[in-house]
Amino acid sequence: MVFSSNVFLLYFMPAFFLVYFLMPKKTRNYVLLLASLIFYAWGAPEFIIQLVVSTILNFLLVKWMCVTTNPRKRKWLCGISIAIPLGLLLVYKYGNFTMQNLNALIGLTGHAPLTWKRIMLPIGISFFSFQSVTYTLDTYRGVNQPLRKLSDYMLYITMFPQLIAGPIVRYCDVAEQIRHRESTWADRLQGFYRFVIGLCKKVLIADVIGLRVDQILGAADLSAGALSEIATRIATLDTGTAWLVALAYTFQIYFDFAGYSDMAIGLGRIMGFKFPENFDNPYTSRSISEFWRRWHKTLGAFIMNYLYIPLGGNRKGKSRMYLNLWICFLLSGLWHGASWNFVVWGALHGFFICADKLFLGKVMKRIGTLPSVVLTFITVCIIWVFFRIENIGLAWTFVTRMFAFDFSGFAFDGNAHVYTIMVIAAIFSFITLTKFGQRWQEKAYYTDFTDRQHIWVWIVAAIMFIFCVAALNATSFSPFIYFRF
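Residues numbered from 1 in each chain as written. Predicted model: local features only at pLDDT ≥ 70, side-chain atom pairs only at ≥ 80, totals over all residues. Heavy atoms only, no water.

1. As for the nonpolar core
Then, number 1: Among the nonpolar cores identified, the biggest contains 142 residues, and Phe8, Phe16, Tyr283, Trp295, Trp384 and Phe398 are the most heavily contacted of them.
Then, number 2: A total of 18 residues in this core trace back to one element, the largest contributor, which is helix α11 (residues 239-271).
Then, number 3: In contact with Phe8, not counting residues within four places along its chain, are Met1, Val2, Phe3, Met13, Pro14, Phe39, Phe160, Phe195 and Leu267. (Core = buried A, V, L, I, M, F, W, Y, C linked by side-chain atoms within 4.5 Å. Buried < 20%, exposed > 50% of the residue type's maximum accessible area, 1.4 Å probe, protein only. Helix = DSSP H or I, 4+ residues; strand = E, 2+ residues; numbered from the N terminus. Contact = heavy atoms within 4.5 Å.)

Right, here's the structure in full:
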């Protein structure tokens, strides 16, 4: 089940909130937990038992860790608690990748490849595994006390608004909210507005653009037969088409992922949760370093707190700092997907982060805001090619076509609707470069309205909600991009 589906919008969400708010406050966590388990089981019934069992086991290990006075034993229990979710992540997400590369090495020796049964990837495993790790480490470090009730811990791990694709919510950010929270009418209205904003980003922008991208590049996971066809198509792309496709995907992935985050934050806000923001107009960044402070902020915070700092951060000299940054971004790329193209994507971002530290950051400051924003956006746009096209050879061919200066045979023959949506996407991507755009976002995302403003905004939100439902009925199913990770 996904947020941008009629099953969720017309049945699950209304039924859930009706029951949730009719029940006494002391029972609402149980209602939310039950709904979250149903939500996950709807999309991945074969993994729900494993999710529940691993969650219970981790809760008991952390509880045992907290009552243990022996420091060595505490470390062992902490390590086991972390090893369980990370071990499951390694097996399910990287098992196939490991076997494929192992067979490639065996093939070089002339021996027959090993046979194995392909492993299905549980949806959302990257996100709820990381949340489990934050609970263990925050508790071990004494940042927060452990949750007393198993149901509260299961709720933290499986809460349906952010279970599948984030934002990654650190335990310390919502520990108190799980125990005690209030949901005012202002929260519920503001949450609904935020949800509709995210729904519009996904349905009216990302899906429209993505349809045209898929027509040229094919599905994200190409079969062997389709790969040959796409390879021929990419090799003959003219420069204008290549750039338009790259721009289209740049906008698609932003509005797809940011749209999901908006919906998750909005759903949480309706119930009184204050989830962390996940995006802050990343395409207005003046450097790649700034881009990563604005893009997928909760992943950046996780890597900073649980990987970069434990590795030594910048405390052990510049050489070690650059190495730590490279490790973090290589692992960030691998976290996004078990494929070498994601490693290349992470490595390229790591390269520009290090370049920012060395000299590029100073250059960007000197040339001014607008040129630095444009150059950063173009760089991000090019690097996204390696994120979208899993075959590295094809991705490189696509990039070369972007700089082939061949303007014959233009193939991005989208209709006026597609081009209009791309213009709208560009406007909303860069609108905060103006003072008007900054005020608009602050009002739409963070500020409570007056009673009269609420009336008008609610009417607009309701109309846009209906419009999105109608659009979903007229188009095919389109899952969120980050569901694959």
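2. Description of the packing of helix α13 (residues 297-311) against helix α14 (residues 318-336)
Describing two packed helices takes the angle between their axes plus the distance from one axis to the other.
Then, number 1: Two elements in contact, α13 and α14, have axes separated by 10 Å at closest approach and are oriented at 135 degrees. Between α13 and α14, the crossing angle belongs to the class labelled oblique. Considering how the two elements wind past one another, α13 and α14 form a crossing that is right-handed. Of α14, the residues touching α13 (which contributes Leu299, Ile303, Leu307, Tyr308 and Leu311) are Arg320, Met321, Asn324, Leu325, Ile327, Cys328, Leu331, Ser332, Trp335 and His336.
Then, number 2: Of the residues in the contact of α13 with α14, the class split is 11 nonpolar, three polar and one charged. (Axes fitted to C-alpha atoms, helices over the stretch in contact; angles between N-to-C directions. Parallel < 35°, antiparallel > 145°, perpendicular 65-115°, else oblique. Left-handed = near helix turned anticlockwise from the far one by under 90°. Nonpolar A, V, L, I, M, F, W, Y, C, P; charged D, E, K, R; others polar.)

3. So, a positive patch on the surface
Then, number 1: There is a patch of like positive charges on the surface, built from Arg286, Arg293, Lys318, Lys357, Lys362, Lys365 and Arg366.
Then, number 2: Among the elements that take part in the positive patch, helix α15 (residues 340-367) stands out by supplying four residues, more than any other.
Then, number 3: Secondary-structure assignment places Lys318 in helix α14.
Then, number 4: Accessibility expressed as a relative area gives 63% for Lys318, which makes it exposed. (Patch = residues over 30% accessible without salt bridge, like charges linked within 9 Å, V, L, I, M, F, W, Y side chains within 5 Å. Areas by Shrake-Rupley, 256 points an atom, 1.4 Å probe, with all protein chains shown as cover. Salt bridge = Lys/Arg side-chain N within 4 Å of Asp/Glu carboxyl O. Lys, Arg positive; Asp, Glu negative; His and termini not counted. Charge placed at Lys NZ, Arg CZ, Asp CG, Glu CD.)

4. Things to note about the environment of Ile466
Then, number 1: Along the chain, Ile466 turns up in helix α20 (residues 451-474).
Then, number 2: Looking at Ile466, the relative accessible area reads 58%, which means it is exposed.
Then, number 3: Put simply, Ile466 and Leu9 are 457 residues apart on the chain and 9.9 Å apart in space, counted from C-alpha to C-alpha.

5. Notes on unusual backbone geometry
Then, number 1: Here the phi dihedral of Asn281 falls at roughly 50 degrees; this positive angle occurs in a residue that is not glycine.
Then, number 2: Here Asn281 lies in the loop between α11 and α12 (288-294).
Then, number 3: Taking the relative accessible area as the measure of exposure, Asn281 reaches 6% and is therefore buried.
Then, number 4: Phi angles above zero are rare outside glycine, and His296 is one such case at about 45 degrees.
Then, number 5: For His296, the position within the fold is in the loop between α12 and α13.

6. What to know about the packing of aromatic side chains
Then, number 1: Per the counting criterion, the structure on display carries 55 aromatic pairs.
Then, number 2: Look at Phe8 and Phe160: their rings are 6.3 Å apart centre to centre, the planes differ by 65 degrees, and that puts the pair in the edge-to-face class. Of this pair, Phe8 sits in helix α1 (residues 6-22) while Phe160 sits in helix α7 (residues 160-163); the two residues are 152 residues apart in sequence, bridging distant segments of the chain. Assigned by exposure class, Phe8 and Phe160 land together as buried.
Then, number 3: Its end group placed over the ring of Tyr20, Arg28 keeps NZ or CZ at 5.5 Å from the ring centre.
Then, number 4: Here Arg188 stacks its cationic end above the ring of Trp185, 4.9 Å away from the centre of that ring. (Phe/Tyr/Trp six-rings, centres within 6.5 Å; stacked < 30°, edge-to-face > 60°. Lys NZ or Arg CZ within 6 Å of the ring centre and 35° of its normal.)

7. Things to note about the packing of helix α6 (residues 150-158) against helix α8 (residues 171-179)
Then, number 1: Running from amino to carboxyl end, α6 crosses α8 at an angle of 130 degrees, the nearest separation of the two axes being 11 Å. Classified by the angle between their axes, α6 and α8 sit oblique to one another. For α6 against α8, the interelement crossing comes out right-handed. Along its contact with α6, which presents Asp152, Leu155 and Tyr156, the element α8 presents Tyr171, Val174 and Ile178.
Then, number 2: Residues of the contact of α6 with α8, tallied by class, amount to five nonpolar, no polar and one charged.

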